[in-house]
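# Summary of the model geometry
Listed below are the residues making up each chain.
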Amino acid sequence: MILLVTGGAGFIGSNFVKHRLENTSDKIIVLDALTYAGVLDNLKSYLNDSNLLVPTSQYDLKKIEKTINQYGVTYNDVKDEVESKRLSSKLREFSPKYINIEDLNEKIEEVLENTRLAFVVGNIIDSTLDEKLMNLSDIVVHFAAESHVDRSIFNADAFVKTDVYGTYSLLEAAKKCEKLNKFIHISTDEVYGQAKEKPFKETDPLNPRNPYSASKAAADRMAYAYYQTYGVPVVIVRPSNNFGPNQYPEKLIPVVTIKALNNEPIPVYGDGKQRRDWLYVEDTAKAINLLIEKGEIGQAYNVAGRNERENMFVVERILEITGKSKDLIKHVKDRPGHDLRYLIDDTKIRGLGFKQDRTFEELFDHTVKWYLKNKNWWEKILREDEEYKEFMEKWYENR
Ligand SMILES: NC(=O)c1ccc[n+]([C@@H]2O[C@H](COP(=O)([O-])OP(=O)(O)OC[C@H]3O[C@@H](n4cnc5c(N)ncnc54)[C@H](O)[C@@H]3O)[C@@H](O)[C@H]2O)c1
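Residues numbered from 1 in each chain as written. Predicted model: local features only at pLDDT ≥ 70, side-chain atom pairs only at ≥ 80, totals over all residues.

## Re the overall build of the chain
- In terms of helices and strands, the chain carries 15 helices and 14 strands.
- In terms of overall size, the chain behaves like a compact globule, its C-alpha atoms giving a radius of gyration of 21 Å where 399 residues would be expected to give roughly 21 Å.
- Taken along the three principal axes of its C-alpha coordinates, the chain extends 65 × 45 × 35 Å.
- Classification of the 399 residues of the chain by burial places 43% in the buried group.
- Put simply, of all contacts in the chain between residues at least 6 apart along the chain, 83% involve residues at least 24 apart. (Helix = DSSP H or I, 4+ residues; strand = E, 2+ residues; numbered from the N terminus. Rg over C-alpha atoms; globule rule 2.2 N^0.38 Å. Buried ≥ 20, exposed ≤ 12 C-beta atoms within 10 Å, placed from the backbone. Contact = placed C-beta atoms within 7 Å.)

## Focus: unusual backbone geometry
- Residues other than glycine seldom take positive phi values, yet Asn 263 does so here, at roughly 55°.
- Among the structural elements, Asn 263 can be located in the loop between helix H9 (252-261) and strand S10 (266-269).
- Residue classification places Asn 263 among the exposed residues on the basis of 11 C-beta atoms within 10 Å.
- Of note, the phi angle at Arg 306 is positive, near 60°, even though the residue is not glycine.
- Among the secondary structure elements, Arg 306 is positioned in the loop between strand S12 (300-303) and strand S13 (308-310).

## Quick look at the nonpolar core
- Membership of the largest hydrophobic core comes to 95 residues, with the highest contact counts inside it found for Val 30, Ile 184 and Val 237.
- The dominant element in this core, judged by the number of residues it contributes, is helix H8 (residues 211-230), at 7 residues.
- The contact partners of Ile 184, leaving out residues within four places of it in the chain, are Ile 139, Val 140, Val 141, His 142, Val 235, Val 237, Ile 288, Leu 291 and Ile 292. (Core = buried A, V, L, I, M, F, W, Y, C linked by C-beta atoms within 7 Å.)

## Digging into the site of the ligand
- What surrounds the ligand is a group of 30 residues, the closest being Gly 7, Gly 10, Ala 37, Gly 38 and Ala 145.
- Mapped by element, the contributors of at least two residues to the shell around the ligand are helix H1 (11-23), helix H7 (157-176) and strand S9 (241-243).
- With 3 residues, H1 is the largest single contributor of residues to the shell around the ligand.
- Taken together, the residues that form the shell around the ligand break down as 14 nonpolar, 13 polar and 3 charged. (Near = placed C-beta within 6 Å. Nonpolar A, V, L, I, M, F, W, Y, C, P; charged D, E, K, R; others polar.)

## Here we look at H9
- The buried fraction of H9 amounts to 8 of the 10 residues, a majority that puts the element mostly inside the structure.
- Three or more residues of H9 are buried, namely Ile 253, Pro 254, Val 255, Val 256, Thr 257, Ile 258, Lys 259 and Ala 260.
- Tucked inside the fold, the buried residues of H9 contact S9, S10, helix H11 (311-322), helix H13 (360-373) and helix H14 (375-384).
- Where H9 ends, the next residue or the one after it, Asn 263, has phi of about 55°, a positive value.

## Considering the sheet that holds S13
- Spatially, the 3 strands line up as an open sheet ordered S9-S11-S13, and their pairing is mixed. Of all strands in the sheet, those bounded by a partner on one side alone are S9 and S13. Each neighbouring strand pair of the sheet contributes to a mean axis angle of 50°, computed without reference to strand direction.
- Across 3 bridges, the pairing between strand S11 (residues 275-280) and S13 is antiparallel. Within the sheet, the bridge partner assigned to Arg 276 lies in S13 and is Arg 309. (Pairing = 2+ DSSP bridges. Axes fitted to C-alpha atoms, helices over the stretch in contact; angles between N-to-C directions.)

## A few points about the packing of H1 against helix H10 (residues 281-294)
- Put simply, H1 and H10 touch, their axes get as near as 9 Å, and they point 65° apart. For the pair H1 and H10, the sense of crossing is right-handed. Between H1 and H10, the residues in contact are Phe 11, Ile 12, Asn 15, Phe 16 and His 19 and Val 281, Glu 282, Thr 284, Ala 285 and Ile 288, respectively.
- Broken down by class, the residue content of the contact of H1 with H10 amounts to 6 nonpolar, 3 polar and 1 charged. (Left-handed = near helix turned anticlockwise from the far one by under 90°.)

## Examining the packing of H9 against H13
- Relative orientation of the contacting elements H9 and H13 amounts to 50°, with a least axis distance of 10 Å. With respect to H13, the element H9 is oriented oblique. Here H9 and H13 pass one another in a crossing that is right-handed. Along the contact surface, H9 presents Ile 253, Pro 254, Thr 257 and Ile 258, while H13 presents Thr 367, Val 368 and Tyr 371.
- Taken together, the residues of the contact of H9 with H13 sort by class into 5 nonpolar, 2 polar and no charged. (Parallel < 35°, antiparallel > 145°, perpendicular 65-115°, else oblique.)

Everything listed here is a matter of coordinates, which is why it stays silent on function.
Following this line, the structure appears as structure tokens:
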């Protein structure tokens, strides 16, 4: 089976790709634009000199050729120039192959004869690219998104472009692709909005309250509409808050761990009593595998960790593990529209056989220790991502 995985360089996407490669004999095509959140190192052990592909248009290739002839520079010089414009430093340490878009599918087929992963650097908004890749695939698993609520409050533009329009582009391609068996759309528990005492069921109305969850809700319903209207074989997955290795260091667990290690103040929104349900990233991968196999087309499935904790619990446990003082905690102004609680009922997917086999405490400690052991991974991101530094400074400036 061939899977097209969008957003495969991100946190959940890369964990899913690794889990799938380790536990099945499938071949995988990743499509990822390598935004700030896309980290090639997440899949480093599966990337080689031949399977990282950058599609270029005929125009780009002509320009490269012309510049080489005119100035006598080497291909590598021009390649660097193209890279720096397009993907800043992301590709620097790798050896991508620049492929004319017309020849892309042939190249992917050749790559997949020898290895099980082909990584295509590209944007889901590009419907030509989506169509081409879907024609090679049996299943789509669509993770690609702008995923950070704080950033969406700061500026929602990229969220609408990627989460809404990008999903629409993929669905349009899926509509035209007759051989596709399933389109697994990764939504989120946040689409329901703030929970009170009763957990949300899949049939409850969506009531998103921040730009991120609103764009995800739009995508979720667009996917459903493409099933109802055009028969696209959509299955919608709504997981709760994920945690685990390789999460971009802007999210709660990595951010607190890194700040604790560096003895920096740890910003906690308001009183820190907001509650989240925590789901281990590998369990999300298992849930998706189950839905690839047994998920009913046209249905949505909640996936909960059944580990509801207050944010303060998370912060204090990290301080315990890292041996740091609670004095580092700094309560800051709460974020606007902050949902106090997310809570979902996942009876439906449990009925298909979904279960976890490790405790929250075990997995939580394992995760924090992963960040302690893999300093190189996050130090490199913090060193190189200027945009991240700028965002964090502006976001916490007046809090
Ligand atoms: N992290 C969570 O707790 C959580 C919980 C529930 C659902 N989700 C959903 O799961 C998915 C993955 O979340 P994550 O935390 O791994 O996100 P992430 O931000 O870590 O990764 C997103 C990935 O998508 C890629 N991407 C972004 N825009 C793109 C575009 N236009 N074209 C192609 N690639 C693009 C990025 O380069 C990155 O690799 C998202 O759809 C998110 O809404 C996340």
